[in-house]
Each structure stands twice: as C-alpha cells, then as structure tokens.
Amino acid sequence: MQLEEWHLGEGDSFEERHLANVYVPHLEAFRSDKEPDRIERLRRVYSLAQSLFLVVEGRRLPRNVVVALYDSKGQLTVTFLDQNWHEFLRPFFQLAWRSEGEQGEGVLFAVQQ
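These notes cover the structure that comes with them. Please read these numbers as outputs of a predicted model, since none were measured by experiment. (Residues numbered from 1 in each chain as written. Predicted model: local features only at pLDDT ≥ 70, side-chain atom pairs only at ≥ 80, totals over all residues. Heavy atoms only, no water.)

**Observations concerning the overall build of the chain**
As a reminder of what qualifies: The numbering of helices and of strands both runs from the N terminus, where a helix is a DSSP run of H or I of at least 4 residues and a strand a run of E of at least 2. Under the scheme applied here, a residue whose accessible area is under 20% of the maximum for its type counts as buried, over 50% as exposed, and between as partly exposed, the area being computed with a 1.4 Å probe on protein chains only. In this description, contact between two residues means that some pair of their heavy atoms is separated by no more than 4.5 Å. For every accessible area listed, the method is Shrake-Rupley and the probe measures 1.4 Å; residues are considered covered only by the protein chains on display.
Looking only at helices and strands, the chain features four helices and four strands. Taken from N to C terminus, the helices and strands of the chain fall in the order α-α-β-α-β-β-α-β. Residues counted as buried form 36% of the 113 residues belonging to the chain. Nonlocal contacts in the chain, meaning residues at least 24 apart in sequence, comprise 66% of its contacts between residues at least 6 apart. Of the roughly 6700 Å² of accessible surface on the chain, a fraction of 50% belongs to carbon and sulfur atoms.

This is the structure we're talking about:
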C-alpha cells in the first residue's frame, strides 16, 4: 500500500482492523536459537510502534507496510514496503526500540527491493 493511498482512505473497516491486528512481519534475530527472548523483544517493538502510530494518526498501521524486523547485536533493521513509509514511520520505530533499552540511533531502515 502506498502512503498516498492510505491517506485517501475513509477509515479502517472491520476487516482492515482485524487483519492489522493479526499481521506480524518476518522477525529474525542474531543468536535467536540461544536467546529466544530476542524474537519476543521484536514482537514488543512492532506492537509498540503500532500502538504509537494508532495514537498519533488515529488509524491502525496498515498490514504489510513493515516487511521485516531484524535484531543484530543491539541494532534493529526495519524493512519497509516503500520509501515513503520509511520516512513516515521512522520515529515510531526509534521510540519503540528505545523502550527496550537500546539507542534510537541504532535503528537502520531498508526498503524492500
């Protein structure tokens, strides 16, 4: 979904709200086989970023906009569907990562190719 298309919508339908609630991007973490709590940490980060987005924008974060989250040695990489979403969502993920005791500057962003 393009950012411009999202802004033109008239609101969240019941189906869109449900799908946004059940969607989780691909989660991967360095050494997750030995430290399984790192995947749960990524779930919390994504959930908090969604909540912050809902509070600020008054709408749910559309599903599939965030493609993946990757945690490697305290550095979070967030992969987005397109460049516009990357710029728009940057602060939400930086704040969510800081809530886990990490530096907001430790968040990298990528766009799906």
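**Description of the pattern of salt bridges**
For the record, the criterion: Put simply, a salt bridge is a Lys or Arg side-chain nitrogen that is within 4 Å of an Asp or Glu carboxyl oxygen.
Under the criterion given, the structure shown has six salt bridges. We note a salt bridge from D71 to R41, for which the minimum N-O separation is 2.9 Å. Separated by 30 residues along the polypeptide, D71 in strand 2 (residues 66–72) and R41 in helix 3 (residues 37–57) bring together distant segments of the chain. Here D71 matches R41 in class, with each residue buried. The salt bridge involving E100 is made with R44; its shortest N-O contact spans 2.8 Å. Here R44 lies in helix 3 and E100 lies in the loop between helix 4 (83–98) and strand 4 (107–111), a separation of 56 residues in the sequence. According to the relative accessible area criterion, E100 is partly exposed, its value standing at 21%. The partly exposed category is assigned to R44, whose relative accessible area is 39%.

**Let's talk about the sheet that holds strand 2**
Let me state the cut-off plainly: One bridge is not enough; two strands pair if DSSP finds at least two bridges between them. Helix axes are fitted only over the stretch in contact, all axes being lines through C-alpha atoms; the angle between N-to-C directions runs from 0 to 180 degrees.
Judged by pairing direction, the sheet is mixed, and its four strands sit side by side in the order 1-2-3-4 without closing on themselves. At either margin of the open sheet sits one strand with a lone partner, and together these are strand 1 (26–29) and strand 4. Here the average twist between neighbouring strands, direction ignored, is 15°. Across the sheet, helix 3 is in contact with strand 1, strand 2 and strand 3 (75–80); its angle to strand 1 comes to roughly 135°. Helix 4 rests against strand 2, strand 3 and strand 4 of the sheet, and its axis sits at about 155° to strand 4.

**Brief notes about the environment of N84**
Its location among the elements puts N84 in helix 4. The exposure class of N84 is partly exposed, given its relative accessible area of 32%. C-alpha of N84 to C-alpha of V111: the two residues are 27 residues apart in sequence and 9.5 Å apart in space.

**A short note on the pairing of strand 3**
Operational definition: If you view a crossover with the strands going away from you and the path from the first strand over the helix to the second runs clockwise, you call it right-handed.
As defined by bridge partners, strand 2 adjoins strand 3 across six bridges and the pair is classed as antiparallel. Note on strand 3: the bridge partner recorded for L69 is V78. Counting the residues between successive antiparallel strands, the hairpin from strand 2 to strand 3 contains two residues, one of them, K73, with a positive phi of roughly 55°. Since strand 3 and strand 4 lie parallel, the crossover through helix 4 that links them has a hand, and here it is right-handed.

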